[in-house]
Amino acid sequence: MILDHQGTFCIIPTGNRSGKFKLHLRTPGPVGDFYKLLKYRCQGRKFMKDARTFVLLKIPSTGLYYTPMINPGQIWNKYLSTAGGKGNRDAASSRLLQEKLSHYLDIVEVNIAHQISLRSEAFFHAMTSQHELQDYLRKTSQAVKLLREKIAQIDKVMCEGSLRVLRLSLTRNNCIKAYNKLKLMATVHQTQPTVQLLLSTSEFVGALDLIATTQEVLQQELQGIHSFRHLGSQLCELEKLIDKMMIAEFSTYARNDLNRPLEDDCQILEEERLVSLVFGLLKQRKLNFYEIYGDEMIITAKNIIKQCVVNTVSQIEEIDTEVVVKLADQMRMMNFPQWFDLLKNIFSKFTIFLKRIKATLNTIRSVVFLVLDKNQKTRDLEDTLQKNSKDSTVDTEVAYLTHEGMFISDAFSEGDLPPVAADTTSQRNASPNSEPCSSDSVSEPECTTDSSSSKEQTSSSVTAGAVEMMISDDMKLTDLELVRLANNIQELLYNASDICHDRSVKFLMARAKDGFLEKLNSNEFVTLSRLMEGFILDTEQICGRKSMSLRGALQSQANRFVNRFHEERKTKLSLLLDNERWKQAEVPAEFQDLVDSVSDGRISLPEKKPAATEERKPAEFLIVEGQKYATVGTVLLLIRIILEYCQCVDNIPSITTDMLTRLSDLLKYFNSRSCQLVLGAGALQVVGLKTITTKNLALSSRCLQLIVHYIPIIRAHFEARLQPKQYSMLRHFDHITKDYHDHVAEISAKLVAIMDSLFDKLLSKYEVKAPVPSACFRNICKQMAKMHEAIYDLLPEEQTQMLFLRINASYKLHLKRQLAHLNVVNDGGPLNGLVTSDVAFYTGNLQALKGLNNLDLNMAEIWEQKR
């Protein structure tokens, strides 16, 4: 017996040597000699066939062999070929095996017969019961036949009519549904032509609403209809086409709106069209449409400047456009009045441009806020309805369907439909007695769209009611998206202001390349600054936010102007001081008028008056608030320069801090330079003066006092124009005032020092002897008179008295020292009498001077006090 890999088989020889074998399934039991012979003959043998080697393997715990590669017949033929010499013995073994197998077959048959004999009684009982069963079946068949006949009669008499009524009613309802469905299909079939018609009139919102309604009907009520299998995709493609058309239409609208002639008219261009476009774009969630408007703003701003330059250049005959081709070069050939008029025209155009942009963007924002308000109202309404209708939804639906003539069972059968589909179906179901609509009638969604679009066309202005009609419930925009869009639109208005300012800055920089702006005089720059400040304020008022580019450019030019302004005036002051001979100058009438205008509480340069028939003569002194000031020409011009600084601050407020710093520098420069020239005697080399006289010193002191008089007024002027956080800069004026007072004190000390050196020189040679008055005292009185004559007309009487008191104190000190040296005491002796006579002569002469008659000289201090 040999087993292969596909199953267990038994190879049994037939008893002849023809090479034929019978193949039987393996059965339990002993194998016999065949197994032993095969085992004995084939164990460990290798059989060769077709140049392949096959090995017989032994099955564990069975004693059998198998090969996984060949079938049993091949192995048996191989065995016969190798064992051909022993055929007789093999034939005997085969016969023995066949006899054993036959024996086993007989045993099986005997066992089967025995089992049948054991169950013979049950077999015969079953045969007997079969006749009884046939009788029962025959009686049952007759009873069933009779019952069927009775039921047929009952059905004919009692049920057939009622069921026929029910069947016809259901058929009628089905026909109505089919008719409504066909009518709906006819309406849907007209969707594409209707959309094309709406698009031809730019009714994008109506077209989108119709497409949305049709898509909803296709998905709910006409789902699965073969003829409309491609309509949904076609509508989607049509919707994409509408998106592109709306974007192109909005781009065209923005271009037309911004490129209109810039006149005073700031009305919105085709407001209804704009609102329709915005609603359509919002419906399609095209929330970046405002970027298109922003791009058009940039292009239009460039074109505005270009067109203004072209128009201005064409009116100037001096500019040959054939020779000078570039617009920038043509613009640089203009003089200041021409260029200023051009800039003024550009600013006016930009102002109208921004007003139009603001009106358009406000309309767009109002649409966005209306949609936002609609969303909030819809959400509140849904919440209210959801709370009120939770418990009564099913009862209301059943009652409504019963009222319409449908059975309750039908109502529950239609409960599987979606809510929207069920509502639409119920609305389109006609009553039994109503006439069906004609095939030519327009469907309900189409009628709604046409009516809404016609109302929009006939309305003269976009009212809130019309806008509410355009807002559909399928705008699935969140509140956050709408608020962000509104903020972006507002930011676009700010960007418009920035664009105008940036283009204006580029225009200014193009003109400033050749240093044109730096060469402007004060009046021209002030005029330019006022124009730019006015434009900046106008744009801030329109857009509601400050734009810093133009303000920064103005500040940059103002800084250059301030530097040039200051350097020019400082250079001018330096030249004046270097040529100043420090002699009292006459005061022209215009300078007196200038000082009088400041005395009235305002700091400004008076307007030039027309030349009078009789010219006013210049005055000897400058009258300031009732006080006489003797001054030099440099100081008169310095006062005018100071007022120019103050007026420049009024004209250009942005340069207040810079002007304050520069003015402080100018005042410090005048103080230090005048000190060098007068006290430092620099005027001897610079101007060529022979000596610095007391008159020069007194005049310098009075000039300084005049400047000090105006410092508080200048400080108050700047303080009113500074921010509170900038008040710390006012300390510069405090330092300058202190420096000027110190300078005046140094001049007074210098005058005293001059007399002190004279006293020291004269009194050191004084001798107490006749004649009286002595020559020394005559000389001293002569020098005192000269001093008084030099300063009396220059300094106020109070300052003159104070100065002479200090000089008298110096005189008493030197006289006291000389008397002590001469041992002259106040003892009433002859020497004492001579000294008393000289002192009386000195006192009489000094008090005889103008303004010094009441001066308390206290000459008793010249004597040493007795201890």
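Just so you know, these numbers come straight off a predicted model, no measurement behind them.

1. Side note on the overall build of the chain
At step 1: Of the regular secondary structure elements, the chain holds 28 helices and nine strands.
At step 2: Counting across all 867 residues of the chain, residues that qualify as buried make up 40%.
At step 3: Nonlocal contacts in the chain, meaning residues at least 24 apart in sequence, comprise 78% of its contacts between residues at least 6 apart.
At step 4: By element, 54% of the accessible surface of the chain is carried by carbon and sulfur atoms, the whole surface being about 49600 Å².

2. Observations regarding the packing of helix H17 (residues 479-511) against helix H18 (residues 522-543)
How two helices sit against one another is set out by the angle between their axes and by the gap between those axes.
At step 1: Where H17 meets H18, the closest approach of the two axes is 10 Å, and the angle between their N-to-C directions is 165°. Our classification of the angle between H17 and H18 gives roughly antiparallel. Note that H17 runs across H18; the crossing there is right-handed. Here H17 contributes Gln 490, Leu 493, Tyr 494, Ser 497, Cys 500, His 501, Ser 504 and Leu 508 to the contact with H18, which in turn contributes Met 532, Phe 535, Ile 536, Thr 539, Ile 542 and Cys 543.

3. Digging into unusual backbone geometry
At step 1: Along the chain, Ala 770 connects to Pro 771 via a cis peptide bond; the corresponding omega equals 0°.
At step 2: By the secondary structure assignment, Pro 771 is in the loop between helix H25 (731-763) and helix H26 (775-791).
At step 3: A cis amide bond, omega -5°, links Val 772 with the succeeding residue Pro 773.
At step 4: Residue placement: Pro 773 occurs in the loop between H25 and H26.
At step 5: Positive phi is not limited to glycine here, since Glu 625 has a value of about 50°.
At step 6: One can find Glu 625 in the loop between strand E8 (622-624) and strand E9 (627-629).

4. Description of helix H8 (residues 271-283)
At step 1: If you check H8, its first and last C-alpha atoms are 18 Å apart, about what 13 residues at 1.5 Å a residue would give, namely 18 Å.
At step 2: Of all 13 residues in H8, 10 are buried, a share of seventy percent or more.
At step 3: Within the sequence span of H8, burial applies to Leu 274, Val 275, Ser 276, Leu 277, Val 278, Phe 279, Gly 280, Leu 281, Leu 282 and Lys 283.

5. So, the packing of helix H6 (residues 204-220) against helix H7 (residues 231-258)
At step 1: The contact between H6 and H7 brings their axes to 10 Å, and the two run at 160°. As summarised for this structure, H6 and H7 are arranged roughly antiparallel, according to the angle between their axes. Judged by the twist between their axes, the crossing of H6 over H7 is left-handed. Contacts from Phe 204, Ala 207, Leu 208, Ile 211, Thr 214, Gln 215 and Leu 218 in H6 reach Leu 231, Gly 232, Leu 235, Cys 236, Leu 238, Glu 239, Ile 242, Met 245, Met 246 and Glu 249 in H7.

6. As for the pattern of salt bridges
At step 1: Evaluation of the coordinates by the stated rule reveals 18 salt bridges.
At step 2: Where Arg 138 meets Asp 135, a salt bridge forms, and the shortest distance between an N and an O atom there is 2.6 Å. Within this pair, Arg 138 and its partner Asp 135 are both found in helix H4 (residues 120-189), separated by three residues, close to a single helical turn.
At step 3: For Asp 135, a relative accessible area of 35% puts it in the partly exposed group.
At step 4: Taken together, the salt bridges that share partners define one network made up of Arg 564, Glu 568, Arg 569, Arg 640 and Glu 644.

7. Digging into the packing of aromatic side chains
At step 1: The tally for this structure, following the rule as stated, stands at 17 aromatic pairs.
At step 2: Residues Phe 777 and Tyr 811 carry aromatic rings whose centres are separated by 6.1 Å and whose planes lie at 90° to one another, so their mutual orientation is edge-to-face. In this pair, Phe 777 is assigned in helix H26 and Tyr 811 in helix H27 (residues 797-822), connecting sequence segments 34 residues apart. Tyr 811 matches Phe 777 in its accessibility class, with the two residues each being buried.
At step 3: Here the aromatic cluster, defined as three or more aromatic residues joined through ring pairs, consists of Phe 336, Trp 339, Phe 340, Phe 507 and Phe 516.
At step 4: Residue placement shows Arg 511 over the ring face of Phe 516; its charged tip is 3.6 Å from the ring centre.
At step 5: The positively charged end of Arg 569 is found above the aromatic ring belonging to Phe 565, 3.5 Å away from the centroid.

8. Re the side chain of Asp 838
At step 1: With respect to the helices and strands, Asp 838 occurs in helix H28 (residues 830-848).
At step 2: This buried residue, Asp 838, is left without a salt bridge; Arg 778 holds the nearest opposite charge, at 7.7 Å.
At step 3: Among all residues touching Asp 838, those that are not within four sequence positions of it are Tyr 766, Val 772, Pro 773, Ser 774 and Phe 777.

9. A closer look at the environment of Ile 364
At step 1: Position of Ile 364 relative to the elements: it lies in helix H11 (residues 336-388).
At step 2: By relative accessible area, Ile 364 is classed as buried at 3%.
At step 3: If sequence neighbours within four positions are ignored, Ile 364 has contacts with Phe 250, Leu 274, Val 278, Phe 289 and Ile 489.

10. Comments concerning a nonpolar patch on the surface
At step 1: On the surface, Leu 101, Tyr 104 and Ile 107 cluster together into a nonpolar patch covering about 240 Å² of accessible area.
At step 2: Note on placement: Tyr 104 falls in helix H3 (residues 87-118).

11. Topic: the nonpolar core
At step 1: Core analysis: the largest hydrophobic core is formed by 197 residues, its most contacted members being Trp 339, Met 659, Phe 718, Phe 804 and Tyr 811.
At step 2: The element contributing the most residues to this core is H11, with 18 residues.
At step 3: When sequence neighbours within four positions are dropped, the list of residues in contact with Met 659 reads Phe 561, Val 562, Phe 565, Tyr 645, Cys 648, Val 649 and Phe 718.

12. Thoughts on a negative patch on the surface
At step 1: A contiguous patch of negative charge, built from Glu 586, Glu 620, Glu 789 and Asp 793, is present on the exposed surface.
At step 2: Mapped onto the fold, Glu 620 is located in the loop between helix H20 (589-599) and E8.

13. Let's talk about the confidence of the model for the chain
In low-pLDDT regions, the fine details of the predicted coordinates are not to be read closely.
At step 1: Overall, the prediction assigns the chain a mean pLDDT of 77, with 77% of residues at 70 or greater.
At step 2: In the predicted structure, residues 1-73 sits below a pLDDT of 50 and forms 124 contacts with residues beyond four places in sequence or in another chain.

14. Details of the side chain of Gln 818
At step 1: In this fold, Gln 818 is placed in helix H27.
At step 2: Of note is the side chain of Gln 818, whose polar atom sits 3.2 Å from the backbone oxygen of Tyr 766.
At step 3: Once you skip the residues sitting within four places of it in the chain, Gln 818 turns out to touch Leu 763, Ser 764 and Tyr 766.

15. Remarks on the environment of Glu 620
At step 1: Spatially, the C-alpha atoms of Glu 620 and Val 587 are 6.0 Å apart, while their sequence positions differ by 33 residues.
At step 2: For Glu 620, the residues in contact, after removing those within four places along its chain, are Gln 584, Ala 585 and Val 587.

Conventions adopted
- Residues numbered from 1 in each chain as written.
- Predicted model: local features only at pLDDT ≥ 70, side-chain atom pairs only at ≥ 80, totals over all residues.
- Heavy atoms only, no water.
- Helix = DSSP H or I, 4+ residues; strand = E, 2+ residues; numbered from the N terminus.
- Buried < 20%, exposed > 50% of the residue type's maximum accessible area, 1.4 Å probe, protein only.
- Contact = heavy atoms within 4.5 Å.
- Areas by Shrake-Rupley, 256 points an atom, 1.4 Å probe, with all protein chains shown as cover.
- Axes fitted to C-alpha atoms, helices over the stretch in contact; angles between N-to-C directions.
- Parallel < 35°, antiparallel > 145°, perpendicular 65-115°, else oblique.
- Left-handed = near helix turned anticlockwise from the far one by under 90°.
- Expected span 1.5 Å × (residues − 1).
- Salt bridge = Lys/Arg side-chain N within 4 Å of Asp/Glu carboxyl O.
- Phe/Tyr/Trp six-rings, centres within 6.5 Å; stacked < 30°, edge-to-face > 60°.
- Lys NZ or Arg CZ within 6 Å of the ring centre and 35° of its normal.
- Lys, Arg positive; Asp, Glu negative; His and termini not counted.
- Patch = residues over 30% accessible without salt bridge, like charges linked within 9 Å, V, L, I, M, F, W, Y side chains within 5 Å.
- Core = buried A, V, L, I, M, F, W, Y, C linked by side-chain atoms within 4.5 Å.
- Charge placed at Lys NZ, Arg CZ, Asp CG, Glu CD.
- pLDDT = per-residue confidence, 0-100.
- Polar contact = N/O pair within 3.5 Å; in protein donor to acceptor, adjacent residues only side chain to side chain.

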